[in-house]
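Here are the chains, one letter per residue:
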Amino acid sequence: RLAAALLKKKDFDLIEPDEEMIDEKKIMSSLHPVAKEKFLKFINTVEKGGYNVFLTSGYRSFQKQRELRDQFEAGKIPAAARPGYSYHNYGLAIDLNLLRNGKRYGLRTPKEDWIKTGVPEVAKRMGLRWGGDFKDNVHFDYPVLPTVVLLEKAKKQFGSIEKAKGNELNLA
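Residues numbered from 1 in each chain as written. Predicted model: local features only at pLDDT ≥ 70, side-chain atom pairs only at ≥ 80, totals over all residues. Heavy atoms only, no water.

Trainee: Just to check I follow, could you spell out the nonpolar core for this structure?
Mentor: Among soluble globular proteins, nonpolar side chains are generally buried collectively. Among the nonpolar cores identified, the biggest contains 37 residues, and F42, I94, L96, L98 and F140 are the most heavily contacted of them. At the level of elements, α1 (24-29), α2 (33-48), β3 (52-57), β4 (93-100), α5 (119-125) and α6 (147-158) are the ones that each hand at least two residues to this core. When residues of this core are assigned to their parent elements, the largest contribution, five residues, is made by α2. With sequence-adjacent residues up to four places away left out, F140 is seen in contact with F39, F42, L92, A93, I94, L96, W114, V119, P120, A123, R129 and W130. (Core = buried A, V, L, I, M, F, W, Y, C linked by side-chain atoms within 4.5 Å. Buried < 20%, exposed > 50% of the residue type's maximum accessible area, 1.4 Å probe, protein only. Helix = DSSP H or I, 4+ residues; strand = E, 2+ residues; numbered from the N terminus. Contact = heavy atoms within 4.5 Å.)

Trainee: Even after reading the chapter, I still don't get the pairing of β4, so can you show me in this structure?
Mentor: Successive residues of a regular strand alternate their side chains across the two faces of the sheet. Buried residues dominate β4, accounting for six of its eight residues. Looking at chain direction, β3 and β4 are connected through five bridges and run antiparallel. By the bridge assignment for β4, S57 is matched with D95. Pairing of β4 with strand β7 (residues 139-141) involves three bridges; the strand directions are antiparallel. By the bridge assignment for β7, A93 is matched with D141. Pairing geometry for β4 and strand β5 (residues 103-105), over three bridges, is antiparallel. Each bridged residue has a counterpart across the sheet, and for L98 the counterpart in β5 is Y105. Adjacent in sequence and paired antiparallel, β4 and β5 are bridged by two residues, among which N101 carries a positive phi angle near 50°. (Pairing = 2+ DSSP bridges.)

Trainee: How should the packing of aromatic side chains be read in this particular structure?
Mentor: By convention here, two paired aromatic rings are described through the distance between centres and the angle between planes. Counted by the stated rule, this structure contains five aromatic pairs. On the numbers, 6.2 Å between centres and 65° between planes, the contact of Y105 with W114 is edge-to-face. Of the two residues, Y105 and W114, neither departs from the other in class, the shared state being buried. Cluster of aromatic residues (ring-pair linked, three or more members): F42, Y51, Y105, W114 and F140. The ring of Y105 has K103 lying over it, and the distance from NZ or CZ to the ring centre is 4.9 Å. (Phe/Tyr/Trp six-rings, centres within 6.5 Å; stacked < 30°, edge-to-face > 60°. Lys NZ or Arg CZ within 6 Å of the ring centre and 35° of its normal.)

Trainee: What is the right way to read unusual backbone geometry from this model?
Mentor: The bulk of non-glycine residues show a negative phi, and the bulk of peptide bonds are trans. The backbone phi angle of N101 is positive, close to 50°, even though this residue is not glycine. Inspection of the secondary structure puts N101 in the loop between β4 and β5. Its identity is not glycine, yet K135 carries a phi of approximately 70°, on the positive side. Tracing the backbone through its elements, the reader meets K135 in the loop between β6 (129-130) and β7.

As structure tokens, then:
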């Protein structure tokens, strides 16, 4: 399914337009090990429902999260958590776009249209959380622990958030 791994970013509704290409295999390989299989099953279920799924983001460093938060605070993007408070920082979240019958669903697609796809409900049934419930329609995460707990674990394991590699965090 991820064989069409390189996609042009200009073709998608994105929060992170700083790179030319999207590498879906790299996105999947950067996820935390506890989340990879969960997201693969979710993607496969959505695709069996007739949608093409395009991953646009996965693991995100704390530094990258700070850059996005700055853009959010400047009013340039609709949503971005503080560094350490995004499941992306731990490889426990993905952003995606959908395509079905020529209709694209992305960041700017109204929440009501996303709900009509049934994809948010599929995610919830699979134990995932949909970002449309907090103004980020393309976001899906696997909330294994609250982010405040993950942040404390990251500080303890890596010494500081600047050194943290959240997708390598010991969740035990």
